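Architecture and fold: a report
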Amino acid sequence: MARGKVYLVGGGPGDPELMTLKAKRLLSEADVILFDRLLDPRMLEGARAELIDVGKNAGRHKLSQEGINQLLIEKAQEGNVVVRLKGGDPYLFGRGGEEALALLEKGISVEVVPGVTSAVAAPELAGIPVTHRGIASSLLIVTGHEEPGKDTPLDWKAIANLGGTLVILMGVSRLEKNIASLIAGGRTAKTPAALVEKGGWPEQRMIAGTLEDIAQKARSAGIESPAILVVGEVVELAEKLARDRIAILRPKAQQEESARLAESYGFQPIMAPAIALKEKPLPEDLLERLERAECVAFTSANGALMALQDKGIREALTRKRVIAIGPKTEQALSEYGLISQVPEEYSSEGLQKMLSGQACSILFLRSAQGSQYLSEGLRQAGLQVDDIPLYEVVFSGDQRLDDLIKRAKSVEIFAFTSSSTVRYLLERARAMGLEKELREALERSTVAVIGKPTAEELSRQGVKVDVMPEKFTFEAMLQALKARKN
Ligand code: SAH
C-alpha cells in the first residue's frame, strides 16, 4: 500500500455489521487508527494498528479539531497508513471535509470512504422511513447545535414551513429551543416527532410524541446524546415498522446464533449473556460409570460438545443408547456421527415417558446444576440414575449484561433460557442497585421462557411469565412470541 496516506472512514451508526466492507478492510490494514468515541469493540477486531482515542477518555481531555488535524498530519508524514474512523458518514456533520482540506494543504494524500449515516439509519432502525410515498417526499437534515459565528445561521421559519421530514442532529441540549423555533415558525404543535437515541447500538431507544410533548417526554426518559430528532408524519409508521427488542441472556457461545435467529423472526436482538459455562475435569472412574449405564443422556448441546472432546466418551457412546433432550442436542451429537433418541416432550416428564418400562439405568452427562427433579423422577420410576457434571454454570461477568440492566426499560421482550439466567440477571441488578427498576421493566415487558423449570424459577422470584412454547426450544419460543404479536 502507498505509505503516508489518510483514509477518512465512515463507521456507520454503531452496529459493527453496518460498516462497509471497505471500512472493515482498511481497519485491518491500517498502521494507525484515530477514533473519537466509545466504539463497539467488534469494529476493531482484527486491527493491528496503533489505536488513538481522540475523544474524551479517562484522564485525558478531548483533542481539539486542530489537534486532531495535527496528529493526522504527523502520523501520515511518518509514513503510516492512517484511518480516521468517524461515526456515520464522514462528510455529514462529521468535519471530514475540514480534515481532508488540512491534509491536502500539507500535500498528504487523503481518501474518503462513505458510511451509513445515522441521519437516515437511526430513524430507520427505529421503524421510521425518512421518506414514504404519499407521506413525505423530502428530507431535510439540520444541526440542532449551531455554533454562533461559525455556522451559517439556520432559517427556522423556512424550515418550519418546508413540510416533509425534518431530521435534527446534535439536538439534545437545545431540544426545547429548536422545537419552540419550529412551532413559532408555523409548524403545527401536533406534528408527530420522535427521538431516537443510540440508533443501532444495543441500547437503542425511541421516544415518540408530537412537537408539543416530545421534549418533556425525552427529558423524563433521560434521553442523552447521541440522539436524533425526527419531525414529520413518517414518525407514525414506526407503530407498524418498529421491531421489538429482545434480550438474549444465553451464554456467549450461543449469542451470535440466537441473535441471528431472533432477527429472522423479526425481532431486534440485544446480546446480553447472563451466564457462562465453566468446564469441570472429568472424574477418574468415568469409563466404568459409562459402562454400567444402559442409556447416556445429554440435556444440552453445550454438554454434548464438551463430552465429545473426550475420546473415551466418544468410543463408549457408540455402544450405548444415547438420548438427547431436544433437537439442538441431537444435532450436536449427530455432528460426531452419533444417533440419539429424542423424547417427544423436551423435559423430564418427556424423558420419563420415553424410558418407562424400557431401560433400567441411565447416566446423565450435563451441567453441575442439572435439575434434581429430573433424576428424582426417574429414580422413583425405578431406574438407576447416575450423574456426571461436565460444566458449571457461573455468572458471565459480561459488560453487555450491565448495559442491558441499565437500559431494561427500553426492552420489549426478555427471553429466559434457563433458571440460571433468571437468577444471575436479578442478582446482578441487585448488585448494581437497580433491582427495583429491573423488576418494573420486567413487569411492563413480555417475559418469555423456554420451558417449565425456567418458568418456575421466575414465579419463585415473583416475576410473571407471558410466553412459554409448547416445544421447549429457543426457536419455538420465538415462534410463540411472533404468533402472539400477530
Ligand atoms: N457523521 C455522523 C453525524 C455526526 S454529528 C453521521 O453521519 O451519522 C453527531 C450527531 O449524530 C449526534 O449528535 C446525533 O444527533 C447523531 N448520531 C450519531 N450517531 C447516532 C446514533 N447511533 N443514533 C442516533 N443519533 C446519532
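In this convention, every chain numbers its residues from 1, walking through the sequence in written order. Only residues with pLDDT of at least 70 get local features here, since the model is predicted, and only at 80 or more are side-chain atom pairs given and counted; chain-wide, interface and lining totals rely on the full set of residues. The side-chain values count all of the structure's non-hydrogen atoms but skip hydrogen atoms and water molecules.

Examining the site of the ligand
Condition: Note on terminology: near, applied to a residue and a molecule or strand, indicates that one of the residue's heavy atoms is within 4 Å of it. Under this definition, polar contacts are N or O atom pairs within 3.5 Å; protein pairs additionally need one hydrogen-donor-capable and one acceptor-capable atom, and for neighbouring residues in sequence, both atoms have to be side-chain atoms. In these tables, accessible area is a Shrake-Rupley quantity obtained with a 1.4 Å probe, and a residue counts as shielded only by the protein chains included in the view. Comment: elements are numbered from the N terminus, with helices defined as DSSP H or I runs of at least four residues and strands as E runs of at least two. Put simply, Ala, Val, Leu, Ile, Met, Phe, Trp, Tyr, Cys and Pro go in the nonpolar bin, Asp, Glu, Lys and Arg in the charged bin, and everything else, Gly too, in the polar bin. For the domain bounds, the source is a domain assignment made automatically or taken from a database.
Around the ligand there are 19 residues in total, and Leu 92, Thr 117, Ser 118, Gly 199 and Ala 227 lie nearest to it. Backbone polar atom of Asp 89 to a nitrogen atom of the ligand: 2.8 Å apart, as the coordinates give it. Contact distances for the ligand include 2.7 Å between a nitrogen atom and a backbone N or O atom of Leu 92. Protein burial of the ligand: of its 540 Å² of free accessible surface, 90% is covered by the chains. Among the secondary structure elements, those contributing two or more residues to the shell around the ligand are α4 (118-125) and β10 (227-231). Its residues assigned to classes, the shell around the ligand comprises 11 nonpolar, 6 polar and 2 charged. Formed jointly, the shell around the ligand draws a minimum of three residues from each of two domains, domain 1 (5-116) and domain 2 (120-241).

Points about the packing of helix α9 (residues 252-264) against helix α20 (residues 474-485)
Just so we agree on the cut-off: The axes are straight lines fitted to the C-alpha atoms, using for helices just the contacting stretch, and the angles between their N-to-C directions are given from 0 to 180°. Roughly parallel means an angle under 35 degrees; roughly antiparallel means over 145; roughly perpendicular covers 65 to 115; every other angle is labelled oblique. Helix crossings get a hand from a simple test, with the near helix turned counterclockwise from the far one by less than a right angle marking a left-handed crossing and a clockwise turn marking a right-handed one. The criterion used for residue contact is that any of the two residues' heavy atoms lie within 4.5 Å.
Across the interface, α9 lies against α20 with an axial gap of 10 Å and an inter-helix angle of 25°. By the angle between their axes, α9 is roughly parallel relative to α20. The element α9 and its partner α20 pack so that their crossing is right-handed. Contacts between α9 and α20 pair Ser 258, Leu 261 and Ala 262 from the former with Phe 474, Glu 475 and Leu 478 from the latter. Of the residues in the contact of α9 with α20, the class split is 4 nonpolar, 1 polar and 1 charged.

Focus on helix α7 (residues 214-221)
Rule in force here: For each residue, the accessible area found with a 1.4 Å probe, counting protein chains only, is set against the maximum for its type, and the residue is called buried under 20%, exposed over 50%, and partly exposed in between. The arc in question is formed by the directions pointing from the helix axis toward the C-beta atoms.
Within α7, burial applies to Ile 214, Ala 215, Ala 218 and Ala 221. Down the axis of α7, the buried set is contained in an arc of 135°. They therefore lie on one face. Opposite the buried face of α7, at more than 90 degrees from it, the exposed residues are Gln 216 and Ser 220. Turning to α7, the residues buried within the fold contact α6 (175-185), β8 (192-197), β9 (205-210) and β10. At the exit of α7 stands Gly 222, carrying a positive phi of roughly 70°.

Some thoughts on the nonpolar core
Soluble globular proteins tend to bury their nonpolar side chains together. Selection criterion: For the purposes of this section, nonpolar cores are sets of buried Ala, Val, Leu, Ile, Met, Phe, Trp, Tyr and Cys residues that join through side-chain atoms within 4.5 Å.
Grouped together as the largest cluster of nonpolar side chains are 50 residues, with contacts concentrated most on Phe 298, Leu 365, Leu 404, Phe 414, Phe 416 and Leu 425. Sorting elements by how many residues they give to this core places helix α17 (residues 419-431) first, with 5 residues. If you count residues domain by domain, this core takes at least three from each of domain 3 (245-274 + 396-485) and domain 4 (277-395). Phe 298 has contacts with Gly 303, Ala 304, Ala 307, Leu 317, Val 322, Ile 323, Ala 324, Ile 325, Thr 329, Leu 333 and Leu 365, leaving out every residue within four places of it along the chain.

Observations regarding the domain arrangement of the protein
Threshold: Put simply, buried area is the surface a 1.4 Å probe can reach on two separate parts but cannot reach once they are joined, added for both. Between Lys or Arg on one side and Asp or Glu on the other, a salt bridge is scored when a side-chain nitrogen of the former is within 4 Å of a carboxyl oxygen of the latter.
Segmentation of the protein into domains returns domain 1 (5-116), domain 2 (120-241), domain 3 (245-274 + 396-485) and domain 4 (277-395). Computed over C-alpha atoms, the centres of domain 1 and domain 2 are 28 Å apart. Of the residues lining the interface, 8 residues belong to domain 1; the matching set on domain 2 comes to 10 residues. Overall, the association of domain 1 and domain 2 removes approximately 700 Å² of surface from exposure, summing both partners, and the carbon and sulfur fraction of that is 74%. Considering only the surface of domain 1 that becomes buried against domain 2, Pro 13, Leu 92 and Phe 93 emerge as the three largest contributors, covering 60% of it. Counting the contacts that link domain 1 with domain 2 gives 0 salt bridges. On the surface where domain 1 and domain 2 come into contact, there are 1 residue pair in polar contact (both at pLDDT 80 or more).

Description of the side chain of Arg 187
Formally: Under this rule, positive means Lys or Arg and negative means Asp or Glu; His and the chain ends count for nothing.
Relative to the helices and strands, Arg 187 resides in the loop between α6 and β8. For Arg 187, which is buried and forms no salt bridge, the nearest opposite charge comes from Glu 233, at a distance of 5.7 Å. Beyond its immediate stretch of four places on either side in the chain, Arg 187 contacts Ile 159, Ala 160, Gly 163, Gly 164, Leu 166, Leu 182, Leu 211, Val 231 and Gly 232.

A few points about the side chain of Arg 205
Along the polypeptide, Arg 205 turns up in strand β9. A polar atom in the side chain of Arg 205 sits 2.8 Å from the side chain of Glu 197. Here the side chain of Arg 205 touches Ala 221 through a polar contact of 2.9 Å, landing on its backbone oxygen. For Arg 205, the residues in contact, after removing those within four places along its chain, are Leu 195, Val 196, Glu 197, Ala 221, Gly 222, Ile 223, Arg 407, Lys 409 and Ser 410.

Focus: the pairing of strand β4 (residues 81-86)
Condition: One bridge is not enough; two strands pair if DSSP finds at least two bridges between them.
Within β4, 6 of the 6 residues are buried, which leaves the element mostly enclosed by the surrounding structure. Here β4 shows a buried face lined by Val 81, Val 83 and Leu 85 and a second buried face lined by Val 82, Arg 84 and Lys 86. Judged from the 6 bridges that link them, strand β1 (residues 5-10) and β4 form a sheet pairing that is parallel. Paired with Leu 8 across the strands is Arg 84, a residue of β4.

Comments concerning the packing of aromatic side chains
The criterion, for reference: Each Phe, Tyr or Trp ring (for Trp, its six-membered ring) is paired with any other whose centre lies within 6.5 Å, and the angle between the two planes then decides the class: stacked below 30 degrees, edge-to-face above 60, tilted in between. Two thresholds decide whether a charge sits over a ring: the Lys NZ or Arg CZ must be within 6 Å of the ring centre and within 35 degrees of the ring normal.
Here the structure, examined in full by the defined rule, presents 2 aromatic pairs. A centroid spacing of 6.0 Å and a plane angle of 35° characterise the contact between Phe 395 and Tyr 424, whose relative ring orientation is tilted. Placement of Phe 395 in strand β17 (residues 384-395) and of Tyr 424 in helix α17 is noted, with a sequence separation of 29 residues between them. On the basis of relative accessible area, Phe 395 is assigned to the partly exposed category, the value being 30%. For Tyr 424, a relative accessible area of 18% puts it in the buried group. Residues Phe 414 and Phe 416 carry aromatic rings whose centres are separated by 6.5 Å and whose planes lie at 15° to one another, so their mutual orientation is stacked. Accessibility classification places Phe 414 together with Phe 416 in one group, the buried group. Arg 250 extends its terminal NZ or CZ atom over the ring of Phe 474, reaching a point 4.6 Å from the ring centre.

Considering unusual backbone geometry
Residues Ser 225 and Pro 226 are joined by a peptide bond in cis, for which omega reads 0°. With respect to the secondary-structure elements, Pro 226 resides in the loop between α7 and β10.

Here we look at helix α2 (residues 65-77)
Each α-helix winds once per 3.6 residues, and so residues spaced three or four apart point in a common direction. Quick note on the threshold: Helix span, as expected, comes to 1.5 Å for every residue beyond the first.
Taking 1.5 Å of rise per residue, 13 residues should cover 18 Å, and α2 covers 18 Å from first to last C-alpha, within 8% of that figure. Its buried side turned inward, α2 meets β1, β2 (32-35), β3 (50-53), β4 and α3 (96-105). The positive-phi residue at the C-terminal boundary of α2 is Gly 79, with phi of around 95°.

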